[in-house]
Amino acid sequence: MKKYLISSIVAAAVLCSCAQPKQQTGYRIAGEIAGVAGKVYLTVFEGKLPRVIDSAEVKNGAFEFSGDCAVPIFAAVETPDVPLVRFFLENSPMIRIVGAADRPQDIRVTGSATEDLYRQFLGQADSVAKLLDSDSVKLSSTRIAFDLEKQRDSLGRVFVRKHSGSVAAAYVLFRGLSYEMSAKEIRQALDGLTPPASASVYAELLEKMAAALARTEPGQKYVDISVPDTAGMELPLSRFVGEEKYVLLDFWASWCPPCRAEIPNLVTAYKEFHSKGFEIYAVSLDKNRKAWLDGIKMFKMDWPQVGTLKFWESAAAETYGVRSIPSNVLIGPDGTILARNLMGSALLQKLGELLVPQPS
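Residues numbered from 1 in each chain as written. Predicted model: local features only at pLDDT ≥ 70, side-chain atom pairs only at ≥ 80, totals over all residues. Heavy atoms only, no water.

### Some remarks on the overall build of the protein
Summing up its helical and strand segments, the protein has 10 helices and 18 strands in all. Within the protein, the fraction of its 360 residues that count as buried is 49%. Excluding contacts between residues fewer than 6 apart, the proportion of contacts in the protein whose partners are at least 24 apart in sequence is 68%. Surface accessibility of the protein: about 17800 Å² in total, with carbon and sulfur atoms responsible for 52%. (Helix = DSSP H or I, 4+ residues; strand = E, 2+ residues; numbered from the N terminus. Buried < 20%, exposed > 50% of the residue type's maximum accessible area, 1.4 Å probe, protein only. Contact = heavy atoms within 4.5 Å. Areas by Shrake-Rupley, 256 points an atom, 1.4 Å probe, with all protein chains shown as cover.)

### Side note on the pairing of strand S8 (residues 83-89)
For S8, the buried fraction is high: 5 of the 7 residues fall into the buried class. Relative to S8, strand S7 (residues 73-78) runs antiparallel, the two sharing 6 bridges. Across the sheet, the residue bridging to Phe74 is Phe88, located in S8. In this antiparallel pair of consecutive strands, S7 and S8, the connection spans 4 residues. (Pairing = 2+ DSSP bridges.)

### Regarding helix H4 (residues 167-177)
The buried count for H4 comes to 10 of 11 residues, which makes it a mostly enclosed element. Taking the backbone nitrogen of Ala168 as reference, a side-chain oxygen 3.1 Å away marks Ser166 as the first, capping residue of H4. (Polar contact = N/O pair within 3.5 Å; in protein donor to acceptor, adjacent residues only side chain to side chain.)

### Focus: the sheet that holds strand S14 (residues 278-284)
The mixed open sheet is built from 5 strands, whose spatial order is S15-S14-S13-S17-S18. At either end of the open sheet lies a strand with only one pairing partner, and these are strand S15 (305-307) and strand S18 (337-340). Going from strand to strand, the sheet's axes swing by 20° on average, the running direction of each strand aside. Pairing analysis gives 3 bridges linking strand S17 (residues 327-331) to S18, with the strands arranged antiparallel. Its bridge partner lying in S18, Ile331 is registered against Ile337. (Axes fitted to C-alpha atoms, helices over the stretch in contact; angles between N-to-C directions.)

### Considering the packing of helix H7 (residues 257-273) against helix H10 (residues 345-355)
Where H7 contacts H10, the two axes come as close as 10 Å, and the packing angle between them is 15°. Classified by the interaxial angle, the pair formed by H7 and H10 is roughly parallel. Judged by the twist between their axes, the crossing of H7 over H10 is right-handed. Between H7 and H10, the residues in contact are Leu266, Thr268, Ala269, Glu272 and Phe273 and Leu347, Leu348, Leu351, Gly352 and Leu355, respectively. The residue inventory of the contact of H7 with H10, partitioned by class, reads 7 nonpolar, 2 polar and 1 charged. (Parallel < 35°, antiparallel > 145°, perpendicular 65-115°, else oblique. Left-handed = near helix turned anticlockwise from the far one by under 90°. Nonpolar A, V, L, I, M, F, W, Y, C, P; charged D, E, K, R; others polar.)

### A word on the sheet that holds S8
Read across the open sheet, the 4 strands follow the order S5-S4-S7-S8; overall the sheet is antiparallel. Both outer strands of the open sheet, strand S5 (50-57) and S8, are each paired with one neighbouring strand and no more. In this sheet, neighbouring strand axes are inclined to one another by 25° on average, regardless of whether the strands run parallel or antiparallel.

### Topic: the packing of helix H5 (residues 183-191) against helix H6 (residues 201-215)
Between H5 and H6, whose axes approach to 8 Å, the crossing angle comes to 155°. As judged from the angle between their axes, H5 and H6 are roughly antiparallel. Read as a crossing pair, H5 and H6 show a hand that is left-handed. For the pair H5 and H6, contact is made by Ala183, Ile186, Arg187 and Leu190 and by Ala203, Leu206, Glu207, Met209, Ala210, Ala211, Leu213 and Ala214, respectively. Here the residues of the contact of H5 with H6 are counted per class, giving 10 nonpolar, no polar and 2 charged.

### Section: the pairing of strand S4 (residues 39-45)
For S4, the tally of buried residues reaches 5 of 7 residues, placing the bulk of the element in the interior. Two strands pair when backbone bridges link them, and S4 and S5 are joined in this way by 7 bridges, in the antiparallel orientation. By the bridge assignment for S5, Thr43 is matched with Val52. Two strands pair when backbone bridges link them, and S4 and S7 are joined in this way by 4 bridges, in the antiparallel orientation. By the bridge assignment, Leu42 is partnered in S7 with Val77.

Given below as structure tokens:
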């Protein structure tokens, strides 16, 4: 099931700034995008969300940026309403961005070696993605789709190994591969990176993710969190752990289609096992209070609900190394984490093993 991605943000001002360099180093961006007027913004992606580092007035479709970026970083040129183009920003005497606002898919970026390398990888990955989305694959056996997904994953792993010094490789590892990796696998992949990839913000994010996953993997004691409930009152997870209860720490959002698809399984599990000692502590990654409350009511989610309405900026999700939703953690009565990401029938089966007396 395709998951919606979620990630934490780390400040990277030391890596990339809009300060004008004193010498002929740093980067210069010259853009010509037909149909753009007013202001454009240069943003960088230090995680999932962008951060604005510079702005420029557009004159007859043309604009310029300059600054210094010690380590390449994924960036975008955006209007106040929409992103126009995303690319790897790096120190370069001239990065050119040329195209038209009404055809953003055709905007071209030249002058960034990291971007050139990343585009080569995307060309390979996109060919597999198109096959996955084709009608012939959708109508064929799931085995074919599974094999194509493995092929796409393999392309990413080969790219990371082959270009271990490129920030493009660190970015592919962070955005494309790490979601299904364990803490050990992430650390092994990080050990293979060399500068400047190993000095990138994406390597730093992966280090933090690996640490969070290691602290919260099955066999470890749970980490307590406290998040406001729907009435705005702090509600700690520890209030529910213990007393012979099995608690599912569930991360979801009303805007997430895969989460909505999983909710009926949670409703079934709650109805069947709540009276036997099962509880759900649901952490929402919503940003709209009405949508959150409407979702709870619509799906009849009659269990404790908490959320900060800060979208991706969830300290609870970061604590548990959650980068995609739906995601969950099953905690035993003694506070030991028993499993992660039990979806569909797997959750019902596990609860049956734990809470239904077995014949002697």
